[in-house]
Amino acid sequence: MSGLSRSRIPGFYQLSVADRQRMIAGVAELTDDERALLLTEAPLSLETAARLTENTIGVYALPLGVALNFVVNGREVLVPMVTEEPSVIAAASNAARLARPSGGFQADADASVMIAQVQLVDVPDPDQACARLRAEQERIVARIDAVEPGMARRGGGGRGVEARVVRAPLDRTFVVVHLLVDVGDAMGANAINTIAERTAPLLADIAGGTPHLRILSNLTDRRLARATVAYRTNDLAMPGRDGAKVAAAVELASLFAEADPYRAATHNKGIMNGIDAVALATGNDWRALEAGAHAYAARDGSYGALATWRLESGVLRGRIELPVAVGTVGATVDGNPRARLALKLLGVSGAPELAGVLAAVGLAQNFAAIRALATEGIQKGHMSRHARAVATAAGARPDQVETLAEALIASGDVKVERARQLLASGTLGGPAS
Ligand code: MEV
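It should be emphasised that the depicted structure is a prediction, and the values quoted were computed from it without experimental measurement.

Right, let's talk about helix α1 (residues 17–27) for a bit. Every buried residue of α1 is accounted for by Gln-21, Ile-24, Ala-25 and Val-27. Projected down its long axis, α1 shows its buried positions confined to an angular sector of 165°, all on one face. Of the residues one or two after α1, Glu-29 is the one with positive phi, at around 50°.

Glancing now at the site of the ligand. All residues adjacent to the ligand are Glu-85, Arg-263, Thr-266, His-267, Lys-269, Gly-270, Asn-273, Ala-369, Leu-373 and Ile-378. Separating an oxygen atom of the ligand from a side-chain N or O atom of Arg-263 is a distance of 2.7 Å. Within the residue set of the shell around the ligand, elements represented by two or more residues are α10 (261–281) and α14 (351–374). Sort the elements by how many residues they give to the shell around the ligand and α10 lands first, with six residues.

A few words now on the domain arrangement of the protein. Per the domain assignment, the segments making up the protein are domain 1 (12–110 + 223–377), domain 2 (113–216) and domain 3 (380–425). The distance between the C-alpha centroids of domain 2 and domain 3 comes to 56 Å.

Per the stated rule, a full pass over the model turns up four aromatic pairs. Relative to Phe-367, the ring of Tyr-231 has its centre 4.0 Å away and its plane inclined at 25°; by these criteria the two rings are stacked. One end of the pair, Tyr-231, is in strand β8 (residues 224–232); the other, Phe-367, is in helix α14, with 136 residues separating them in the sequence. Each member of the pair Tyr-231 and Phe-367 is classed as buried. Centroid distance Trp-309 to Phe-367: 5.4 Å. Interplanar angle 50°. Geometry classified as tilted. Remark: Phe-367 occurs in helix α14 and Trp-309 occurs in strand β9 (residues 307–312); sequence separation between them is 58 residues. For the pair Trp-309 and Phe-367, one class covers both residues: buried. A connected cluster of aromatic rings, assembled from ring pairs, spans Tyr-231, Trp-309 and Phe-367. Over the face of the ring belonging to Trp-286 we find Arg-287, whose NZ or CZ atom lies 5.0 Å from the ring centre. In this structure, Arg-299 packs its charged tip against the face of Tyr-296, placed 3.8 Å from the ring centre.

Cut-off values and rules
- Residues numbered from 1 in each chain as written.
- Predicted model: local features only at pLDDT ≥ 70, side-chain atom pairs only at ≥ 80, totals over all residues.
- Heavy atoms only, no water.
- Buried < 20%, exposed > 50% of the residue type's maximum accessible area, 1.4 Å probe, protein only.
- Helix = DSSP H or I, 4+ residues; strand = E, 2+ residues; numbered from the N terminus.
- Arc of directions from axis to C-beta.
- Near = heavy atom within 4 Å.
- Polar contact = N/O pair within 3.5 Å; in protein donor to acceptor, adjacent residues only side chain to side chain.
- Domains from an automatic or database assignment.
- Phe/Tyr/Trp six-rings, centres within 6.5 Å; stacked < 30°, edge-to-face > 60°.
- Lys NZ or Arg CZ within 6 Å of the ring centre and 35° of its normal.

Now the structure itself:
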């Protein structure tokens, strides 16, 4: 299949799961082993699960899907997503499809610079100590590179040292040192924590005082990713709605989130629906992404919107910027064959490119959510998917799910209890329950 149609597969959602697997295996040129990873219904052995975490008693599974239609920096991208939430993958695919006529998404990301934080307590002269730490930057960076020589060899390593006096409650004062380290294509948490622990004695020698906490910061604001998109208003028309009106309605929704933290929290939750799903699929730490995103949203002292929309000369322009600390190498990614498969579908060259794709997915997810909210509301689309989930939860056979879902919606009571009653009543028609 040509590169140009890699992510555009019309009617994909109507195919059977087996046909989708065949289609994606062909498009992404999966090997037999990789395809087998999609086919199995038992993705993780209990033995492997027990090695990953403690007190294991079972395995918990989530669906892996692909969002289609994404074009990022001119490249067709298949976006693997792991989520339990109905509508997320369909919404992202739809937003990406509408962006295709205007060239899709532009995205970029900073180098993968993480922050190792060291808290120094009982420092005799904090201001003097900060000055000494800054003056000794070269020695400290050399220590960082001695702790993680492999990182430096691969072109990453120590990038700088910052020191601040932090005044805390109970009249305490700390010197807080930030070690800036480029972790390359890794997420880098382990390396950064090692660097924090092993460099702390040198910092205490220079500053005086005692090292206390030594840990990365999840506010990874040296590792930002950005994406933009420009929807042509003509492409946004909906049945009974002019495209310019839809664009204006999206802008109005954006202004609400930009002005009100209560709305911004939900606006940003929608963004993270997409970003977390790709993070999960690629074996990345979505809690770290959540922490970074929300801390960044509050960086000006009040909590705001991570993505914004403006109607500018006939174009609806969306922008997003947030910290995205993700890796394409490292223990969790390398040790998880499905994460490697997800990275193969994405076809990214390394962590910064993955971060840019995540920003684009977040922006698409946000557009889809607020376009629906600003026009017909989200319940219409949600309800039919929710009704299918309720029907399945109530024990409907696959051939009964559609009919039962429709009956639930018609009854206005989309609940498992009601679904069980309908199943038991035998009034569904079609194959007997
Ligand atoms: C639901 O998971 C996400 C939304 O609430 C996001 C939003 O309100 O923008 C639909």
